[in-house]
Amino acid sequence: MTTSPEFWSIAVYIVAVLGLCTVMLGLSALLGGRSGARARNEPFESGVVSASPENLRLSAKFYLVAVFFVIFDVEALFLYAWAVSVRESGWVGFVEAAVFIFILLASLVYLARIGALDWAPASRKKRQALQVHPKNQGGASV
Amino acid sequence: MLEPIQALLTPAVLGAIWAAAKAVIILLTLVLSAAYMIWLERRLLALWQDRYGPNRIGPFGLGQVIADMIKIFFKEDWTPPFVDKFTFILAPFIAMSLMMLAFALIPITPNWGVFAPDIGMLLFFAIAGLAVYAVMLGGWSSNSKYALLGGLRSTAQTISYEVFMGVSLMGVVIQAGTFNLREIVLYQEQHLWFVLPQFFGFLVWCLAGVAVTHRTPFDLPEAESELAAGYHTEYSGMKFGMFFVGEYVGIVMVSGLTTALFFGGWDAPFSSVFPALKTVPFLWFAIKCFLFMSSFILLRAALPRPRYDHMMSFAWKICLPLSLVNMLVTAGFVLWAGN
């Protein structure tokens, strides 16, 4: 078994953190009051009666961002391994990493060009560009 | 009767006990500074907005934190019937404990600091990555539309800022040649503080660091004007309190990390001219940390909240390429200077 002081310090720290969080949750469960009311067991929707509990359709954009994250973060991992050994791998490693980073940047530019990083769909963007907002005109038009 | 105890107290055992005591002291100091960060934030915001802020309980209102803590412990610990119970309770637990665990990696003074593994920085990335689960699970398990939307937005935003967070710190790793945070600080004692040679890395890291804590201007997940309270809409009592305290622990943690990575940790400024300044390493760490913590509050006081799509495209189109180029230039410079 490891007996270096650092082992004990991190072990005690982890136990103390977990213990503290558990105590905080447990204490409030013990000490807190209890009450009830007619409409309190419904999800909060600013006072409006919920139309449907399910069927919340979400923008596919969120999943796209998740996929980009996986792609770019995994590629960043290769760069971490290179970063810590830059001096050892020398100029050869540098050229290889540079090629890798340029491919990453090229794919990023490609993603930006096909509009994958724009949050609003292209159709709405066009509509917004065409729309003339009366406020921006200083109230002259309308 | 004392002999068996004396026999047990070998230097190794004493060292272990002292190390454990240090860990507990560090944790308590962290929690205390996070709690008083709430007081500081309210007082500073009040100062900048020309009002008093909490000044009733105790001197300067310092007792406010204790009063609030007692109050929140006696609030109803409500788990709504429509939620996924286990995940609902797990989420605030994750939010608070992970931010505290990340603080273990920060070297405070030459002799103080919980844990300094050689993979310190990678461990930090792992913890920051896991912290996303707090908002994701909190939003998902609530079974509420505001919470789910807030949780999703927050997740998308956090992972977008996490992609370049790691890359932005790689400049520091390249120069110091290690992932060990303590060695990074020791390197800065001999050389320039990284804020100067790694200025662009520092700027990008600041953005990523603020995004990790979900603070203004990156508090869109909880944009109260459009999403109620975002992922913690359905939370109340101490479970909400743990999200809240977790946020402040996160501020202290990110401030400590910025200090260690870019501002020389415990190293005193101008220590080569005035060696006497080196005698109080903890004071320097605390001063630097305090400055960063206050600037978090200043950010909140000074900046409006950006639009969500602006923020996302800023992360992908500006910060990520900038940090990649910064990394490449740093590596080229290190090699050029080395040869």
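Residues numbered from 1 in each chain as written. Chains lettered and ligands numbered in written order. Predicted model: local features only at pLDDT ≥ 70, side-chain atom pairs only at ≥ 80, totals over all residues.

**So, the overall build of chain A**
Short version of the rule: Secondary structure elements are taken from DSSP: a helix is a run of H or I of four residues or more, a strand is a run of E of two residues or more, and numbering for both begins at the N terminus. Residues with at least 20 neighbouring C-beta atoms inside 10 Å of their own are called buried, those with 12 or fewer are called exposed, and the rest are partly exposed, where every C-beta is derived from the backbone.
Looking only at helices and strands, chain A features four helices and zero strands. Moving toward the C terminus, one meets the helices and strands of chain A in the order α-α-α-α. A buried classification covers 16% of the 142 residues belonging to chain A.

**Overview of the overall build of chain B**
Selection criterion: Throughout, radius of gyration means the C-alpha value; the globule benchmark is 2.2 Å times the number of residues raised to the power 0.38. We call two residues in contact when their backbone-placed C-beta atoms lie within 7 Å.
Looking only at helices and strands, one finds 12 helices and zero strands in chain B. Sequence-ordered secondary structure for chain B, helices as α and strands as β, is α-α-α-α-α-α-α-α-α-α-α-α. Relative to the globule expectation of 20 Å for 339 residues, the C-alpha radius of gyration of chain B, 21 Å, shows essentially globular dimensions. Taking all 339 residues of chain B together, the buried fraction comes to 50%. For chain B, the proportion of contacts with a sequence separation of at least 24, taken over those separated by at least 6, is 77%.

**A short note on the UniProt feature "transmembrane region" (unreviewed entry) in chain A**
As a reminder, the rule being used: UniProt positions are given in the numbering used here, feature names are shortened, and annotations may be inferred rather than shown by experiment.
According to UniProt, the "transmembrane region" (unreviewed entry) feature falls on residues 12–31, 62–83 and 89–111 of chain A. Across residues 89–111 of chain A, helical content stands at 100% and strand content at 0%; the span's end C-alpha atoms are separated by 31 Å.

**Examining the interface of chain A and chain B**
Across the contact, 57 residues belong to chain A and 68 residues belong to chain B. Broken down by secondary-structure element, the contributors of at least two residues to the side of chain A that touches chain B are helix H1 (5–31), helix H2 (61–83) and helix H3 (86–113) of chain A. Broken down by element, the side of chain A that touches chain B gets its largest block of residues, 18 residues, from H1(A).

**Comments concerning the environment of A:Tyr63**
Residue and element names in this part refer to chain A. Within the fold, Tyr63 resides in helix H2. Classification of Tyr63 as exposed rests on a count of 12 C-beta atoms within 10 Å. Through-space distance from the C-alpha of Tyr63 to that of Gly115 is 15 Å; in sequence the pair is 52 residues apart.

**Considerations on the domain arrangement of chain B**
Many structure descriptions define interface size as the accessible area lost when the parts assemble. All names here are of chain B. We count it as follows: Each domain's extent was defined by an automatic or database domain assignment. Each residue is assigned to one class: nonpolar for Ala, Val, Leu, Ile, Met, Phe, Trp, Tyr, Cys and Pro, charged for Asp, Glu, Lys and Arg, and polar for all the others, Gly among them.
Domain annotation of chain B identifies domain 1 (29–74) and domain 2 (81–338). Across the contact, 12 residues belong to domain 1 and 14 residues belong to domain 2. Only helix H2 (11–48) and helix H3 (64–73) provide two or more residues apiece to the side of domain 1 that touches domain 2. If you tally residues by element for the side of domain 1 that touches domain 2, the top one is H2, at 10 residues. Per-class residue counts for the side of domain 1 that touches domain 2 are 10 nonpolar, one polar and one charged.

**Let's talk about helix H8 (residues 199–212) of chain B**
Side chains of residues three or four places apart in an α-helix project in the same direction, reflecting 3.6 residues per turn. Residues and elements named next belong to chain B. Stated formally: One fewer than the residue count of a helix, multiplied by 1.5 Å, yields its expected span.
Between the first and last C-alpha of H8 there are 20 Å, a value that for 14 residues agrees with the 20 Å anticipated at 1.5 Å per step. Packed against the buried residues of H8 are helix H5 (120–141), helix H6 (145–176), helix H10 (237–262), helix H11 (281–302) and helix H12 (308–338). A positive backbone phi angle near 55° is found at His214, which sits one or two residues after H8.

**Some words on unusual backbone geometry**
Residue and element names in this part refer to chain B. Look at Phe60: it is not a glycine, yet its phi comes out positive at around 60°. Within the secondary structure layout, Phe60 lies in the loop between H2 and H3. Backbone geometry at Asn143 places phi at a positive 55°, although glycine is not the residue there. Judged by local crowding, Asn143 falls into the partly exposed class, with 19 C-beta atoms found within 10 Å.

**Thoughts on the environment of B:Val83**
Residues and elements named next belong to chain B. With respect to the helices and strands, Val83 occurs in the loop between H3 and helix H4 (85–103). According to the C-beta neighbour criterion, Val83 is buried, with 20 such atoms within 10 Å. Sequence spacing of Val83 and Glu189 is 106 residues, and the spatial spacing of their C-alpha atoms is 51 Å. If sequence neighbours within four positions are ignored, Val83 has contacts with Phe88, Ser141, Ser142, Asn143 and Glu234.

**Considering H1(A)**
The terminal C-alpha atoms of H1(A) lie 38 Å apart, and with 27 residues this matches the ideal 39 Å at 1.5 Å per residue to within 8%. Burial in H1(A) covers these residues: A:Trp8, A:Ser9, A:Ile10, A:Val12, A:Tyr13, A:Val17, A:Cys21, A:Met24, A:Leu25 and A:Ser28.

**Describing the UniProt feature "transmembrane region" (unreviewed entry) in chain B**
All names here are of chain B. Taking the numbering used here, the UniProt-annotated feature "transmembrane region" (unreviewed entry) corresponds to residues 12–37, 86–107, 119–140, 161–179, 191–212, 240–262, 282–302 and 314–337. Segment residues 161–179 splits into 84% helix and 0% strand. End C-alpha atoms: 20 Å apart. Helix makes up 100% of residues 314–337 and strand 0%, and the two end C-alpha atoms of the span are 33 Å apart.

**A closer look at the packing of H6(B) against H8(B)**
Residues and elements named next belong to chain B. Which entries qualify depends on this criterion: To obtain each axis, a line is fitted to C-alpha atoms, and for helices this fit is confined to the stretch in contact; angles are then taken between N-to-C directions over 0 to 180 degrees. By the definition used in this description, the sense in which the near helix is turned from the far one sets the handedness, with an anticlockwise turn below a right angle giving left-handed and a clockwise turn giving right-handed.
The contact between H6 and H8 brings their axes to 8 Å, and the two run at 145°. The handedness of the crossing between H6 and H8 is left-handed. In this structure, H6 uses Gln157, Thr158, Tyr161, Phe164, Met165, Ser168, Leu169, Gly171 and Val172 to contact H8, whose residues at the interface are Gly201, Val204, Trp205, Leu207, Ala208 and Ala211. Per-class residue counts for the contact of H6 with H8 are 10 nonpolar, five polar and no charged.

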